[in-house]
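Here is what each chain is made of, one letter per residue.
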Amino acid sequence: MRDSEALIAYYWAKPIVLRESIRARISAAPLSILNTVITILLYLPFLLQYNVSHFRIALWAVPIFLLIAARAVFSSSISIRLDDFSNLEMLRADQILRLSSIINQTTVGMGIWIIGSPAKDDLVLPIFMTMVVVSWSIGVITNLFSDFRSFVLSMPLMIATNAAFWIAHGGVGISIGLSLLLTISLMMMLVRRGSTNFRESILMRFEKDQLLKRVEEEHLKTEQALREAQRASYAKDYFMAAAKHDVKQPLHALALLTETLLMSDPPDSHIPLLKQQRASIAQMSDHFDALMDMRSFLSGKFELHVGKIRLSDFRTRIDSEIAPACARKGLNWRLDMDDALVSSDEELLLRLFRNLLTNAVRYTDQGEVRCSAKADGNIIKVLISDTGIGIAPEYQELVFEDFVRLKIESMEPTGSGLGLSIVKKISQALQLDLQMSSSTGRGTQFSFWLSIAGKS
């Protein structure tokens, strides 16, 4: 088996080239036998006219008929199973077809010797038989362009028998014989080039088919991966939607219960635990909100709902959330908003305010947290500042990345590391041109601008 593979690789480069060469040769067999019958029937009257004996005609024509018929039968049997042939079977078929070509061409070429000439100086029949060989050569070139080896081994035998006849005749026959030898040389150059082109075209087609097959396989894999990703995305969306309802609502209820317990004059020993519980619930709620917001931004499933927002209503919502947080830490809370209508997405803008103000409260231990929104022409300039620990210059770009929490010696890491990342994404979505200035130990200030929609 390895010997057959090595032989194919040496002569054919790949089994596909050998297979297609055999296919090209056997496909010409039915037409060859028809052409042979028609050609000899056309030649027969001329041969009889020159008194060539029936025996000589039969001695030349009958073997040709039998050889062509045998090749046709063999070709028909090969064509049925060619695509299922092993390498060894293809090599055997190739050898039989090559042997058939050698015998066929030799038999045709011997016609000039078998038919002969009635008189030594009468060159009509030899010239006629030479023309038969030359015309036959055209069909052989067409049939064997895919197999240069078969052509090289068979065609010189057919032409050489005629060349030998003419050279042996002497005189002008030497020129005719040499011309025939030159003709076969030119034919070999032509078939060699055709055989090379045939092999390269088959290899190119094979490589193209292989590439298309790989592309199709990758396409199927991609479609499968896409379907799996879609199922996973659907499952994730379903889970997150359920979590938003099934987790957020109990957290909210737990927070209300904790606040109720703190306002119901609990024992002094319980107050620290309840406050710690309240802080943990608030932190868990912040984490959950941050993750839900990040999910919306990363999936691209958030939609802007720009409308008119009355800052007086907005101010009330912010104050109700931030004022208690500042009071718990003993911070001064200052809120100053003009009563105006602005154009923006209310939920995203509220989330931005919450994140910035929650961070300000978290990282400020003394002093104040301030939020102002003052009209400046046809815009509202918003400033959110604190007197907290501030952010060192080398970290001021980093804090807007996902899941970044700065390590601060004076306090334990808190938050999810998503607050300012979400702020940045909201600012980009709303085109707020968010700016930050900060210095270590002196606090941080954020500023952005809102478009006025109308006067209140």
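Source: prediction; values computed, not measured.

Conventions adopted
Residues numbered from 1 in each chain as written. Predicted model: local features only at pLDDT ≥ 70, side-chain atom pairs only at ≥ 80, totals over all residues. Heavy atoms only, no water. Helix = DSSP H or I, 4+ residues; strand = E, 2+ residues; numbered from the N terminus. Buried < 20%, exposed > 50% of the residue type's maximum accessible area, 1.4 Å probe, protein only. Contact = heavy atoms within 4.5 Å. Areas by Shrake-Rupley, 256 points an atom, 1.4 Å probe, with all protein chains shown as cover. Core = buried A, V, L, I, M, F, W, Y, C linked by side-chain atoms within 4.5 Å. pLDDT = per-residue confidence, 0-100. Axes fitted to C-alpha atoms, helices over the stretch in contact; angles between N-to-C directions. Parallel < 35°, antiparallel > 145°, perpendicular 65-115°, else oblique. Nonpolar A, V, L, I, M, F, W, Y, C, P; charged D, E, K, R; others polar. Patch = residues over 30% accessible without salt bridge, like charges linked within 9 Å, V, L, I, M, F, W, Y side chains within 5 Å. Salt bridge = Lys/Arg side-chain N within 4 Å of Asp/Glu carboxyl O. Left-handed = near helix turned anticlockwise from the far one by under 90°. Expected span 1.5 Å × (residues − 1). Bend = angle between axes of the 7 residues up to and from the residue. Phe/Tyr/Trp six-rings, centres within 6.5 Å; stacked < 30°, edge-to-face > 60°.

J.: Now, about the overall build of the chain: what can you tell me, with residues and values included?
T.: Broken down by element type, the chain carries 14 helices and seven strands. Sorting the 456 residues of the chain into buried and exposed places 37% on the buried side. Within the chain, counting contacts between residues at least 6 apart in sequence, those at least 24 apart form 73% of the total. Split by element, the accessible area of the chain, about 25900 Å² in all, is 59% carbon and sulfur.

J.: Which residues make up the nonpolar core, and what values do they have?
T.: Ranked by internal contacts, the top residues of the largest apolar core, which has 41 residues, are F314, I318, L349, F353, L357 and F448. Elements that contribute at least two residues to this core include exactly α12 (311-329), β2 (332-337), β3 (340-345), α13 (346-362), β4 (368-376), β5 (379-386), α14 (419-430) and β7 (443-455). Among the elements that take part in this core, α13 stands out by supplying nine residues, more than any other. Sequence-distant contacts of L357, that is, excluding residues within four places in its chain, are made with I318, I322, W333, V369, C371 and I384.

J.: Give me the lowdown on the confidence of the model for the chain, citing residues and values where you can.
T.: Of the residues in the chain, 82% reach a pLDDT of 70 or more, and the chain-wide mean stands at 81. Within the chain, no element has a lower average pLDDT than helix α1 (residues 2-12), which sits at 63, and none a higher one than β2, at 94.

J.: Quick rundown of the packing of helix α7 (residues 124-144) against helix α8 (residues 148-169)? Include the residues and the values.
T.: At their nearest, the axes of α7 and α8 sit 11 Å apart, and the two run at 175 degrees to each other. As the angle between them shows, α7 and α8 are arranged roughly antiparallel. Where α7 approaches α8, its residues P126, I127, M129, T130, V133, W136, S137, V140, I141 and L144 are matched on the opposing element by F148, S150, F151, S154, M155, M158, I159, N162, F165 and W166. Tallied by class, residues from the contact of α7 with α8 come to 15 nonpolar, five polar and no charged.

J.: Requested: an account of the side chain of S344, with residues and values cited.
T.: Examined against the element boundaries, S344 turns out to sit in strand β3. S344 gets classed as buried once you look at its relative accessible area, which sits at 4%. Among residues more than four places away in sequence, those in contact with S344 are H305, V306, G307, I309, L349 and L430.

J.: Which residues make up unusual backbone geometry, and what values go with them?
T.: Although it is not a glycine, N51 sits at a positive phi angle of roughly 60 degrees. Checked against the element boundaries, N51 lands in the loop between α3 (29-49) and α4 (54-81). Phi at D433 takes a positive value of approximately 55 degrees, unusual for a residue other than glycine. You can see D433 is positioned in the loop between α14 and β6 (435-439).

J.: Describe in detail a nonpolar patch on the surface, supporting the description with residues and values.
T.: A cluster of nonpolar side chains, namely L31, L34, I38 and L42, defines an oily patch on the protein surface of about 410 Å² accessible area. Its location among the elements puts L42 in helix α3.

J.: Go over the packing of helix α2 (residues 15-27) against helix α5 (residues 87-109), please, and point to the residues and values.
T.: The interhelical angle for the contact between α2 and α5, taken along N-to-C directions, is 40 degrees, at an axis separation of 10 Å. It follows that α2 is oblique to α5 by the angle criterion. Pair α2 / α5 crosses with left-handed handedness. Here α2 contributes P15, L18, R19, I22, R25 and I26 to the contact with α5, which in turn contributes N87, M90, L91, A93, D94, L97 and R98.

J.: Please set out α3 residue by residue, giving values where relevant.
T.: Over its 21 residues, α3 extends 31 Å from the first C-alpha to the last, a length consistent with the 30 Å expected when each residue adds 1.5 Å. Maximal helix bending in α3 amounts to about 30 degrees, located at Y43; proline P45 follows within four positions. Listing the buried residues of α3 in full gives A29, S32, T36, I40, Y43 and L47. For α3, the elements touching its buried residues are α2, α4, α6 (111-115) and α7. Note on α3: the residue one or two positions beyond its end, N51, has a positive phi of about 60 degrees.

J.: Describe the packing of aromatic side chains, naming the residues involved and giving the relevant values.
T.: One pass over the full model with this rule turns up seven aromatic pairs. Look at F46 and Y50: their rings are 5.0 Å apart centre to centre, the planes differ by 40 degrees, and that puts the pair in the tilted class. With a relative accessible area of 24%, F46 lands in the partly exposed category. A residue is classified by how much of its surface remains accessible, and Y50, at 24% relative accessible area, is partly exposed. On the basis of an interplanar angle of 75 degrees and a centroid distance of 5.3 Å, the ring pair of F314 and F353 is categorised as edge-to-face. Here F314, found in helix α12, pairs with F353, found in helix α13; they are 39 residues apart in sequence, far enough to count as distant. Across the pair, exposure class does not vary: F314 and F353 are buried alike. An aromatic cluster is built from Y43, F46, Y50 and F128, whose rings are joined through pairwise contacts.

J.: Just give me the short version of the environment of I167, but keep the residues and values in it.
T.: Looking at where I167 falls in the secondary structure, it is placed in helix α8. Exposure remark for I167: the relative accessible area of 36% places this residue in the partly exposed category. Considering only alpha carbons, one finds I167 and L178, eleven residues apart in sequence, at a separation of 7.8 Å. Excluding residues within four positions of it along the chain, I167 makes contact with G173, I174 and G177.

J.: So what about the environment of A323? Which residues, and what values?
T.: Position of A323 among the secondary structure elements: in helix α12. A323 sits in the partly exposed class, given a relative accessible area of 23%. Sequence separation between A323 and V361 is 38 residues, and the spatial gap between their C-alpha atoms is 9.8 Å.

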